[in-house]
Amino acid sequence: PTGRLTIDRPDFENKNTAYKIRGWICLPLIAHDQILGLLTVDHTEVGAYGEVETRLAQSFANHAANAIENARLYTAEQEARRTAEIMREANTMLAQSLNLDAILRTLFEYLHILIPFDSAKIWFIQEDIAQMYFPQSVKEWIDDKEAMDFRINIKTDPLYREMFITQQGVLIAD
């Protein structure tokens, strides 16, 4: 993209009160037809920028957008590789035991590497009732009998019923 030069915008408002902007170029950082951000260049002198400077800045913005997108792709690739390695390692470890406590302990160790959490639980369902499972090692330090006996009827609780019917997860972001 070459950008369109607009001169004398009456709606331009100088947001920086430290000095009076007299010349300003604002260009989109575009990669794969998506705006990643903006490049702005400003000057306190009148007439500091024209079409030549705008074309140079646009060329720079194009290269910057490509570099930013490449960095994002690289970071995403590294994260995907890390996740795949953790999943592979977890799968290998989980396959080494048939003991439910050991499997769940391993599962939570690897889950915490992938998704940091304050607590995580496994709920097993029997006859429409979900109950938290506590490995033997955890039962030793849980004093709360109420938590150990807590059950949810997945057919009558609206949140769990919807999840059970749609077989889709639920996210509560905040």
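Above this note sits the structure.
Just so you know, these numbers come straight off a predicted model, no measurement behind them.

Description of the overall build of the protein chain
When helices and strands are tallied, the protein chain shows five helices and five strands. When the elements of the protein chain are put in sequence order from the N terminus, they spell out β-β-α-α-β-β-α-α-β-α. Taking all 174 residues of the protein chain together, 18% fall into the buried category. For the protein chain, the accessible area works out to roughly 13600 Å², and carbon and sulfur atoms hold 54% of it.

A short note on the nonpolar core
One finds Ile25, Leu27, Leu29, Ala31, Leu36, Leu39, Ala57, Ala61 and Ala65 forming the largest nonpolar core, which totals nine residues. If you list the elements that add at least two residues to this core, you get β1 (23-31), β2 (34-43) and α1 (51-94). No other element matches the four residues that β1 contributes to this core. Excluding anything up to four places from it in sequence, Ala57 contacts Ile25, Leu27 and Leu39.

Description of the packing of aromatic side chains
In the structure shown here, the tally under the stated rule is one aromatic pair. Centroid distance Trp123 to Tyr160: 6.4 Å. Interplanar angle 45°. Geometry classified as tilted. A residue pair is termed long-range when its members are at least 10 positions apart, and Trp123 in strand β3 (residues 122-126) and Tyr160 in helix α5 (residues 158-166) qualify at 37 residues. You can call Trp123 partly exposed: its relative accessible area is 29%.

Some points on the pattern of salt bridges
For the structure shown, the criterion picks out four salt bridges. Of the charged contacts, one joins Arg82 and Glu79 as a salt bridge, the two residues approaching to 3.1 Å between their closest N and O atoms. In this pair, Arg82 and Glu79 are both assigned in helix α1, three residues apart and thus about one turn of the helix distant.

As for the sheet that holds strand β5 (residues 151-153)
Across a sheet, paired strands are connected by hydrogen bonds in the backbone, their directions being either parallel or antiparallel. A sheet is described by the order of its strands in space; here three strands give the open sequence β3-β4-β5, paired in antiparallel fashion. Here the strands that pair on one side only, and so sit at the sheet edges, are β3 and β5. Between one strand and the next, the sheet's axes are offset by a mean angle of 30°, whatever the strand orientation. Examined bridge by bridge, strand β4 (residues 129-133) and β5 share three bridges and lie antiparallel to one another.

Focus: the environment of Thr44
Mapping Thr44 onto the fold places it in the loop between β2 and α1. Between the C-alpha atoms of Thr44 and Ile21, which are 23 residues apart in sequence, the distance is 4.8 Å. Here Thr44 is in contact with Tyr19, Lys20 and Arg22, once residues within four sequence places are set aside.

Remarks on the environment of Arg82
Judged by its relative accessible area of 35%, Arg82 falls in the partly exposed class. In sequence terms Arg82 and Leu114 are 32 residues apart; their C-alpha atoms lie 9.0 Å from each other.

A short note on α5
Residue Asp157 occupies the N-cap position of α5, its side-chain oxygen lying 3.2 Å from the main-chain nitrogen of Leu159. One or two positions beyond α5, positive phi appears at Gln167, with a value near 55°.

Some thoughts on helix α2 (residues 100-114)
Since the α-helix turns once every 3.6 residues, residues separated by three or four places project in the same direction. For α2, with 15 residues, the first-to-last C-alpha span of 21 Å sits near the 21 Å given by 1.5 Å per residue. Buried within α2 are the following residues: Asp101, Ala102, Leu104, Thr106, Phe108 and Tyr110. Its side-chain oxygen 2.8 Å from the backbone nitrogen of Ala102, Asn99 forms the N-cap of α2.

A word on the pairing of β1
The two faces of the sheet receive side chains in turn, since in a regular strand these alternate between them. In this structure, β1 lies alongside β2, joined through nine bridges in antiparallel fashion. From the neighbouring strand, Pro28 faces β2, where its bridge partner is Leu38. The turn linking β1 back onto β2 is made up of two residues, and His32 within it adopts a positive phi angle of 55°.

Conventions we followed
Residues numbered from 1 in each chain as written. Predicted model: local features only at pLDDT ≥ 70, side-chain atom pairs only at ≥ 80, totals over all residues. Heavy atoms only, no water. Helix = DSSP H or I, 4+ residues; strand = E, 2+ residues; numbered from the N terminus. Buried < 20%, exposed > 50% of the residue type's maximum accessible area, 1.4 Å probe, protein only. Areas by Shrake-Rupley, 256 points an atom, 1.4 Å probe, with all protein chains shown as cover. Core = buried A, V, L, I, M, F, W, Y, C linked by side-chain atoms within 4.5 Å. Contact = heavy atoms within 4.5 Å. Phe/Tyr/Trp six-rings, centres within 6.5 Å; stacked < 30°, edge-to-face > 60°. Salt bridge = Lys/Arg side-chain N within 4 Å of Asp/Glu carboxyl O. Pairing = 2+ DSSP bridges. Axes fitted to C-alpha atoms, helices over the stretch in contact; angles between N-to-C directions. Polar contact = N/O pair within 3.5 Å; in protein donor to acceptor, adjacent residues only side chain to side chain. Expected span 1.5 Å × (residues − 1).

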